[in-house]
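Geometric and topological summary
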Amino acid sequence: MPYLGCEETVKELKRALSNPNIQADRLRYRSYITRVIRSMTQGLDVSALFMDMVKASATVDVVQKKLVYLYMCTYASHKPDLALLAINTLRKDCADPNPMVRGLALRNMCNFRMPGITEYIQQPILTGLRDKASYVRRVAVLGCAKMHSLRPSTEIDPSIVNELYALLRDPDPVVMVNCLRALEEILREEGGVVINKPIAHHLLNRLKDLDSWAQSEVLIFLMRYRPRGDDELFDVLSLLDEFLQSVHTPVMAATLRLFLRLAAAHPAVQADALLRARGPLLAACGSASRELRFAGLCHVQQVLRSQPALYSGQYKRFFCGYSEPGYIKLRKMEILVELVNDENVVLVLEELKSYCTDVSPELAQAAIAAIGHIGRTYTEKCLDILTGLLALQQEHVTSAVIRTFRDLVWFCPQSIGAVCRAVEVCGENPQDTEGKQALLWLLGMHGEQISSAPYVLEGFIDGIKAELSSAVKTELLTAALKLFLCRPAETQDMLGRLLHYCIDEESDMCVRDRALLYYRLLQCGVDEARKILLGPESDPSMTVLAGRPEEPVGCWASGFNTLGPLAGADAHPDAPPADSSAQHCHSTEEEVVSKPPCQPGLTLGPPLSHEAFERLWVELRVLHRQTLGFPPPAAPPETLQAVLQLVKVQALAFSRCEARPWKAYVCARAGSTLVLAELLHGDPAVPDSQDALLLSVKQRPENLQAIRGFVSVLKTSAVQVQGQKSVT
Amino acid sequence: MIGGLFIYNHKGEVLISRVYRDDIGRNAVDAFRVNVIHARQQVRSPVTNIARTSFFHVKRSNIWLAAVTKQNVNAAMVFEFLYKMCDVMTAYFGKISEENIKNNFVLIYELLDEILDFGYPQNSETGALKTFITQQGIKSQPQTKEEQSQITSQVTGQIGWRREGIKYRRNELFLDVLESVNLLMSPQGQVLSAHVSGRVVMKSYLSGMPECKFGMNDKIVIDKQGKAGASDEAGKSSGKQSIAIDDCTFHQCVRLSKFDSERSISFIPPDGEYELMRYRTTKDIILPFRVIPLVREVGRTKLEVKVVIKSNFKPSLLAQKIEVRIPTPLNTSGVQVICMKGKAKYKASENAIVWKIKRMAGMKESQISAEIELLPTNDKKKWARPPISMNFEVPFAPSGLKVRYLKVFESKLNYSDHDVIKWVRYIGRSGIYETRC
């Protein structure tokens, strides 16, 4: 919101900041800097003061430093050349004895959004990762992620990735979680941070030390992990058990989601978890803050999709309070409909009835629709209530009731008689489009049972000139024709008038064409028309009458505890919140967990130790053996190691280059599989290895596509090494 | 993760805007203002999705706090974060109001800088934050050795919520049990739903790194002890009853593993004021007041209302700040009120008769009767009778919770449990306390 006189303000501030008298007075100087920040917040462009602010950053006053840094972070991208001037001060601060100053400087340096900054921040970040104060380490770890986001297209530096994996063992819990967050961002292209068994177990054991935010994030990361075998699975679940009952709603929900995911093959365990999470979820629904209550209700709705009976004993918890906001009331009503059973139906209906007179028409109509929904099972009770509501003679109520009647008649043919009597005595007609359509449909469909039908219809036909909605006109045409077929004497005259008007005067094509169609149909003879219009309907018993089928838990578990459940279809019709980024997240998760074969590319993971390699090598059998069509590269081991690291292959051991037999051991990760390989040359015991390299590959878990990818990567890098040699 | 955080006043002017991630542009600030704050209709949902960006908002008095993100995040977590943010701000400068935010905006920026980094929550404990936030302006160079080492230990320490080397001349503890009792009662006097949500708030001024143990009349503990020894007799004779807690949550300082195994609450407390636990009970709630309404419609232009309230607790206790709100129809033209106690007034602007009583002892009864005259209208709309609501404050815990002990152990310093001065107070307030009529 730039306001008038902004240039004046900037000039005045500039004058003040460069005034040596003010610079000498610390407090006054700071108050001017505060004014700069205030103007910045209000949307004023104060980037012209950059030079003066850079000068102000050279101070010992921490508050002033913070203010200036805030300013610089905002405008650094506009003035990259000037921002470079500030870098020196910042780098000096990174070596300050006070950890707070170190952390502050590092954090803000990383926040500068300008392209050339990376070269200046790399060194301080690496130093920060090994700082003795955890505060600085926290900042440095996230700094790695920021550095990556500045240049997302550049190669990932494997040394940083390794360092971050190592820092997962940091004693400070926040550093550990920040590592996960940073790795996730850096390795996003490759499917995110790899959670293998040691990491998963480490995370599970540290879970207790974390604060609630970190806990719920770690629980989401753990979704990637697949325990091997049931024994490990149940160990993991029992570790997670206490969090299911826990503390903060987000943690509880995240645990539940993880439970459902891990125990996907054990429906009994899933059901048990849902039962145990019932208490905490209900607590969230009764929480003091309405937003959390809303979130809780949305999640209960998800659970109800597979286990409607789980909450029916607690139906009273979902009664609405008078002062609750509309969005909560709507959700509660939807839940109440799901919970109805023989025992509570009377009380629930009583409750819903009292909502029908709510001040907000939207809520009142929702309550009526809810009663209609219950009416599909408990028809008589609901019909009484709905008929009673007509006596209120409220426009919006009548309209909603008529609409509910229409649906009810369709689902429960036994209610036709009662509905017709109710419509008969209803003194008032709905005024909104949908209500009119419903009433017309009822009149047309069951006109023979409603004695006043022709008179009501006549009212509509007389007022057709004033009718705006073409949908209502079309419905009116159909209703008039149907009524004519069963009560011709009373209706013939008005049908004629209606057809005449619609064909001659109506401007809406749809309505006109429909009228013409009916006209010609009648020309073919009344019997023909009757055959077509009043032909046998589809059997309503074919449709699912009451109650949805119970869905398997898997249908909704993947969206649990995300934004998905909170976004009802009606809440945001234009933009579904499970937007592309959300879907993207999901799909990457899916890929990592269930379809590693689709990922031939190699990924970076935590480095494998020599002992672990040896153990695995002995344990596994050779899956694939092939000769590579070239001799061993004659480069020194360091070069080979560097080349392999570039293509994300970890080299564990090499023979010297002139040794015979020549051997090398390497390993790599592809998605969630681990590839181990041996390269052999000139071993007299193995004839294949005499004149070319022999490659033996072992793998866990098996995945042939990954092996193919690995071999091709190895070949290209070998060619590269040869090429380099020939150039030199 | 959170991409940005905005604070607006009721007009939609931006008071604070802090963007953490590149994917949130400046136009996000305006998008929320236009689509939510300036939207004509009521708020449809606390989560709003505008152009693939999700806005989570909470409102405190007339201030809007909105968190923005482009990721598919966990909604409950973002809301908890916003509440935490509100709590932290309240702890620093009191009520969240436009004026307070404007006066403290430097502090808020400092807080936002420490609490979130790159959109990830880092540290949200008021006590621990105090070390980093420098409103008075600590100088970095001439800092004393001691102060510096203090910060270092804070920055590297294992216990994030308490700094070392705290000293008080008087070791004091204040314990407040604050409960709000919620009720929804049918006109016939049947309880439709009732629950108590309570908080145990502690103010600790203790030296060193004390270890505290807190005990209450939790049913599970009492039953266990009853089985173990003959102590249940003592429990019965003193008239103490145990309560069943439906669910409870603790401050992060409480060792949850110990709570799960032994159900004992032990912790190293943060310094100053904090919330030790939150709990909820639904069984055996003492409802401090009962409201008995009688509404009679006399013809189309007159209503007779009689409301009796009964206090239902020990006669020696006094309830305070009692207020009964009896709603009246929109077409009310005049009201005559007669009440035996307190003052009652018809407030046309609020469409209600407000009956205030300063104090009322237990086991008493009071009544109000009113004649409401209505304007004849041709509006056929039936009056949807809103419930009668009530506010009060009582000096006991409606859930029946009692503090049994609070022990302090500090092995390194020479003060013992007896030297600590402890204060315990119970306050029960009304939450949503409604009786339908």
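Definitions and cut-offs
Residues numbered from 1 in each chain as written. Chains lettered and ligands numbered in written order. Predicted model: local features only at pLDDT ≥ 70, side-chain atom pairs only at ≥ 80, totals over all residues. Heavy atoms only, no water. UniProt positions renumbered as here; feature names shortened; annotations may be inferred. Helix = DSSP H or I, 4+ residues; strand = E, 2+ residues; numbered from the N terminus. Expected span 1.5 Å × (residues − 1). Buried < 20%, exposed > 50% of the residue type's maximum accessible area, 1.4 Å probe, protein only. Arc of directions from axis to C-beta. Contact = heavy atoms within 4.5 Å. Polar contact = N/O pair within 3.5 Å; in protein donor to acceptor, adjacent residues only side chain to side chain. Phe/Tyr/Trp six-rings, centres within 6.5 Å; stacked < 30°, edge-to-face > 60°. Lys NZ or Arg CZ within 6 Å of the ring centre and 35° of its normal. Pairing = 2+ DSSP bridges. Axes fitted to C-alpha atoms, helices over the stretch in contact; angles between N-to-C directions.

Looking at an unreviewed UniProt entry, one finds chain B named MHD domain-containing protein and attributed to Electrophorus electricus. The heading Subunit (unreviewed entry) in the UniProt record of chain B holds the text "Adaptor protein complex 2 (AP-2) is a heterotetramer composed of two large adaptins (alpha-type subunit and beta-type subunit), a medium adaptin (mu-type subunit) and a small adaptin (sigma-type subunit)." The UniProt entry for chain B carries the following comment under Sequence similarities (unreviewed entry): "Belongs to the adaptor complexes medium subunit family."

Named according to an unreviewed UniProt entry, chain A is Beta-adaptin appendage C-terminal subdomain domain-containing protein originating from Electrophorus electricus. For chain A, the Sequence similarities (unreviewed entry) comment in UniProt is given as "Belongs to the adaptor complexes large subunit family." As stated in UniProt under Subcellular location (unreviewed entry), the record for chain A gives "Endomembrane system".

What follows deals with helix 22 (residues 379-390) of chain A. All names here are of chain A. Counted at 1.5 Å a residue, the expected span for helix 22 with its 12 residues is 16 Å, and the 17 Å between its end C-alpha atoms agrees. Among the residues of helix 22, Thr379, Cys382, Leu383, Ile385, Leu386, Leu389 and Leu390 are the ones counted as buried. All buried residues of helix 22 lie within an arc of 165° about the axis, which places them on one face of the element. Of the exposed residues in helix 22, those oriented more than 90 degrees away from the buried face are Glu380 and Asp384. For helix 22, the elements touching its buried residues are helix 20 (345-355), helix 21 (361-375), helix 23 (395-411) and helix 24 (416-425).

Residue and element names in this part refer to chain A. Compared with an ideal rise of 1.5 Å per residue, which puts 17 residues at 24 Å, helix 27 (residues 470-486) spans 25 Å between its outermost C-alpha atoms and is within 8% of the ideal. Of all 17 residues in helix 27, 14 are buried, a share of seventy percent or more. Between the side-chain oxygen at the start of helix 27 and the backbone nitrogen of alanine 471 there is a gap of 3.2 Å, and the oxygen is on serine 469.

Glancing now at the packing of aromatic side chains. In this structure the tally under the stated criterion is 23 aromatic pairs over all chains. Ring centres 5.1 Å apart and planes at 55° place the aromatic pair A:Tyr71 and A:Tyr75 in the tilted group. Linking A:Tyr71 with A:Tyr75, this pair stays in helix 5 (residues 62-75), spanning four residues, or about one helical turn. Take A:Tyr71: its relative accessible area is 0%, and that puts it in the buried class. The interplanar angle of 70° and the centroid separation of 5.8 Å between the aromatic rings of A:Trp213 and B:Phe81 together place this pair among those described as edge-to-face. Taken together, the residues span two chains, with A:Trp213 in helix 13 (residues 212-222) and B:Phe81 in helix 2 (residues 75-93). Through a chain of ring-to-ring contacts, three or more aromatic side chains come together here, namely B:Phe6, B:Tyr8, B:Phe32, B:Phe55 and B:Trp64. Above the face of the A:Tyr322 ring, A:Lys329 is positioned so that its terminal group lies 5.7 Å from the ring centre.

A separate point is the sheet that holds strand 11 (residues 247-250) of chain B. Residues and elements named next belong to chain B. Across the sheet, which stays open at both edges, the nine strands sit in the order 11-13-9-8-23-21-16-19-18 with mixed pairing between neighbours. Taken across any chain shown, the strands that pair with only one partner, and hence form the sheet edges, are strand 11 and strand 18 (343-347). For this sheet the average axis-to-axis angle between neighbouring strands, irrespective of direction, equals 15°. As paired elements, strand 16 (residues 318-327) and strand 19 (residues 352-361) share nine bridges and run antiparallel to each other. Bridge pairing in strand 19 places alanine 319 opposite methionine 360.

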